[in-house]
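Per-entry structural report
One-letter residues, chain by chain:
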Amino acid sequence: MNLLCIGSIAYDSIITPFGKVHKTLGGSASYFALASKFFAKASLVGIVGNDFKRTDKKLLEKYADISGIKTAKGKTFHWAGKYHSDLNTRDTLKTELGVFANFKPKLNKEHKKANYIFLGNIHPKLQIEVLNQVKSTSQQTRFVGLDTMNFWITSAKPDLLKVIKQVKLLCINDSEASELAGTGDIIKNANKIYKLMSQKLNPLLIIKQGENGLSLFTHNQKNKKLHGFCLPAYKVKKALDPTGAGDTFAGALMGYLAKQNNVSLTNIKKACEVASIIASFCVEGFGVAKLDKLKMPDVNKRLNEYKNTINY
Ligand code: AMP
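Summary of the structure given here. (Residues numbered from 1 in each chain as written. Predicted model: local features only at pLDDT ≥ 70, side-chain atom pairs only at ≥ 80, totals over all residues. Heavy atoms only, no water.)

1. Quick word on the layout of surface pockets
Condition: Using a 1 Å grid laid over the protein atoms alone, points where a 1.4 Å probe fits but cannot get out form a cavity; open sets with protein on both sides within 12 Å along at least 5 of 7 lines form a pocket; any residue with an atom within 4 Å of a point counts as lining. Grid points are joined across faces, edges and corners, and a volume is the space filled by probe spheres set on the points. Counting from the N terminus, the helices are the DSSP runs of H or I reaching at least four residues and the strands are the DSSP runs of E reaching at least two. In this count, Pro and Cys sit with the nonpolar residues alongside Ala, Val, Leu, Ile, Met, Phe, Trp and Tyr, while Asp, Glu, Lys and Arg are called charged and the others, Gly among them, polar.
Approximately 380 Å³ is the volume found for the second largest pocket. If you trace the second largest pocket, you find 15 residues lining it, with Thr-141, Arg-142, Phe-143, Val-144 and Leu-201 closest to the centre. When residues of the lining of the second largest pocket are traced back to their parent elements, those giving at least two are α4 (124–135) and β9 (143–147). No other element matches the three residues that α4 contributes to the lining of the second largest pocket. A per-class count over the lining of the second largest pocket returns eight nonpolar, four polar and three charged.

Given below as structure tokens:
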């Protein structure tokens, strides 16, 4: 067990211009697991209510170690969102924490040994709790990634800033970056957010820009200036539902790094390419449906096509 993810396991109600689904399996940890499956079996830490369906449990179990998912009396986390016509923006209609409201993560011995840890989108207090527990074991170097969203930037910023200081990688989308840094300019945002991270860790910042791709920022070791690397997105024929694309990206990226056990910048760039491709499949279906069916040959085919179109 080398890849650990704490995050939400949810029922999502989603409305896009192309359809809607009610209470389908979602959550940051679910998308993460269905994307990392191509490279590594993730161990998930989270909680579900006693309304969580056996079929959904079985689905997660196919791809991940779910011994760290607790079932409690009450309702599974429920999120509802409605996308605008361009699919780039959405309104959150409901965030019902349910059993997550009283969740206290408890990692077992095996979880604590993981070298690749992803603090998926969930209350920053829970992310800190996980970090504190893994720190209690004297362990070789760990690669810790973090994701968050507007909801936590608004409601739990002081805790979030504490987590940001402790991670090697922060993945955030551009509207969240604007909210966190307070400007509408990606470069200014990157500079401000980078300064919030621990410089001792030589951190990495990924700002996801949806259909416009992503930018990866690191410090240039020679001139100590922020160095950016941009990757375009694969243009899908028809995007139906962008929910979870960011978590899918993170799952594939972390899974790839864990499998290779190589966190050089060159390998991280390769991981970003394949993770972008896997995320491009996610948006072609509602919820996790497309990821469940997706096979590695389909990923490789699209990856090769993509690599022929990018040049850097
Ligand atoms: P994304 O589209 O990458 O922002 O991820 C959407 C997923 O995040 C959905 O499956 C939701 O269940 C989950 N989600 C939405 N709001 C929250 C929240 N406040 N905390 C944790 N997970 C959330």
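2. Observations regarding the sheet that holds strand β5 (residues 64–72)
To keep it simple, the criterion reads: A pair of strands is treated as paired once DSSP finds two or more bridges between them. The angle between two axes is taken between their N-to-C directions and runs from 0 to 180 degrees, where each axis is a line fitted to C-alpha atoms and a helix contributes only its stretch in contact. Working rule for contacts: check all heavy atoms of both residues, and any pair within 4.5 Å makes them a contact.
Read across the open sheet, the nine strands follow the order β5-β4-β1-β8-β9-β10-β11-β12-β13; overall the sheet is mixed. Only two strands of the sheet have a single partner each, and these edge strands are β5 and β13 (226–231). Along the sheet, successive strands turn relative to each other by an average axial angle of 20°, direction set aside. In the packing of helix α7 (residues 174–181) onto the sheet, the strands contacted are β10 (169–173) and β11 (204–208), and the crossing angle to β10 comes to about 105°. With respect to the sheet, helix α9 (residues 245–260) is in contact with β1 (3–6), β8 (116–119), β9, β10, β11 and β12 (214–219), its orientation differing from that of β8 by roughly 170°.

3. As for the nonpolar core
We count it as follows: In plain words, nonpolar cores are sets of buried Ala, Val, Leu, Ile, Met, Phe, Trp, Tyr and Cys residues tied together by side-chain atoms within 4.5 Å. Only protein chains enter the accessibility calculation, which uses a 1.4 Å probe; a residue whose area is less than 20% of its type maximum is buried, one above 50% is exposed, and one in between is partly exposed.
Membership of the largest hydrophobic core comes to 61 residues, with the highest contact counts inside it found for Leu-44, Phe-249 and Ile-278. Here Phe-249 is in contact with Cys-171, Ile-206, Lys-208, Leu-214, Cys-272, Ala-275, Ser-276 and Ala-279, once residues within four sequence places are set aside. Listed in part, the 42 residues of the second largest apolar core include Ile-6, Leu-126, Ala-190 and Tyr-194.

4. Observations regarding the site of the ligand
Definition in use: Here, proximity means that at least one heavy atom of the residue falls within 4 Å of the molecule or strand. What qualifies as a polar contact is a pair of N or O atoms within 3.5 Å, subject to a donor-acceptor requirement within protein and to the restriction that residues adjacent in sequence count only when both atoms come from side chains. Here the open area of atoms and residues is found with the Shrake-Rupley method and a 1.4 Å probe, where only the protein chains shown may cover a residue.
As a structural note, the neighbourhood of the ligand is formed by 18 residues, with Ser-8, Asp-12, Gly-27, Arg-90 and Gly-244 the closest of them. Contact between the ligand and Arg-90: an oxygen atom at 2.9 Å from a side-chain N or O atom of the residue. For the ligand, an oxygen atom lies 2.9 Å from a polar atom in the side chain of Asp-247. Protein coverage of the free-state accessible area of the ligand, which is 500 Å², stands at 95%. Of all the elements in the fold, those that place two or more residues in the shell around the ligand are β2 (10–16), β6 (77–83), β7 (90–96), α5 (150–155) and α9.

5. Here's the deal with the packing of aromatic side chains
Using the following cut-off: Aromatic pairing here means that ring centres of Phe, Tyr or Trp (its six-membered ring) are within 6.5 Å. Orientation follows from the plane angle: under 30 degrees is stacked, over 60 is edge-to-face, and everything else is tilted.
Scanning all chains against the criterion turns up eight aromatic pairs. Taking the centre distance of 5.5 Å and the plane angle of 85° together, the rings of Phe-39 and Tyr-256 count as edge-to-face. Placement of the pair is Phe-39 in the loop between α1 (28–36) and β4 (42–49) and Tyr-256 in helix α9, with a sequence separation of 217 residues. Exposure class is identical for Phe-39 and Tyr-256. Each is buried. Measuring from centroid to centroid gives 6.0 Å for Phe-77 and Phe-100, while their planes differ by 90°, and the two rings are edge-to-face.

6. Details of the sheet that holds strand β3 (residues 19–26)
Here we have four strands laid out as an open sheet, ordered β3-β2-β6-β7, and mixed in their pairing. On the outer flanks of this sheet lie β3 and β7, each paired with one strand and no other. The sheet shows a mean angle of 15° between the axes of neighbouring strands, direction not considered. With six bridges joining them, β6 and β7 adopt antiparallel strand pairing. If you follow Lys-82 over to β7, its bridge partner there is Asp-91.

7. Thoughts on the packing of helix α10 (residues 265–282) against helix α12 (residues 296–307)
Filter applied, for reference: Each crossing gets its handedness from the near helix: less than a right angle anticlockwise from the far helix is left-handed, clockwise is right-handed.
Running from amino to carboxyl end, α10 crosses α12 at an angle of 115°, the nearest separation of the two axes being 10 Å. Pair α10 / α12 crosses with right-handed handedness. Contacts between α10 and α12 involve Glu-273, Val-274, Ser-276, Ile-277, Ile-278, Ser-280 and Phe-281 from the first element and Asp-298, Val-299, Arg-302, Leu-303, Tyr-306 and Lys-307 from the second. Classifying every residue of the contact of α10 with α12 by side-chain character gives seven nonpolar, two polar and four charged.

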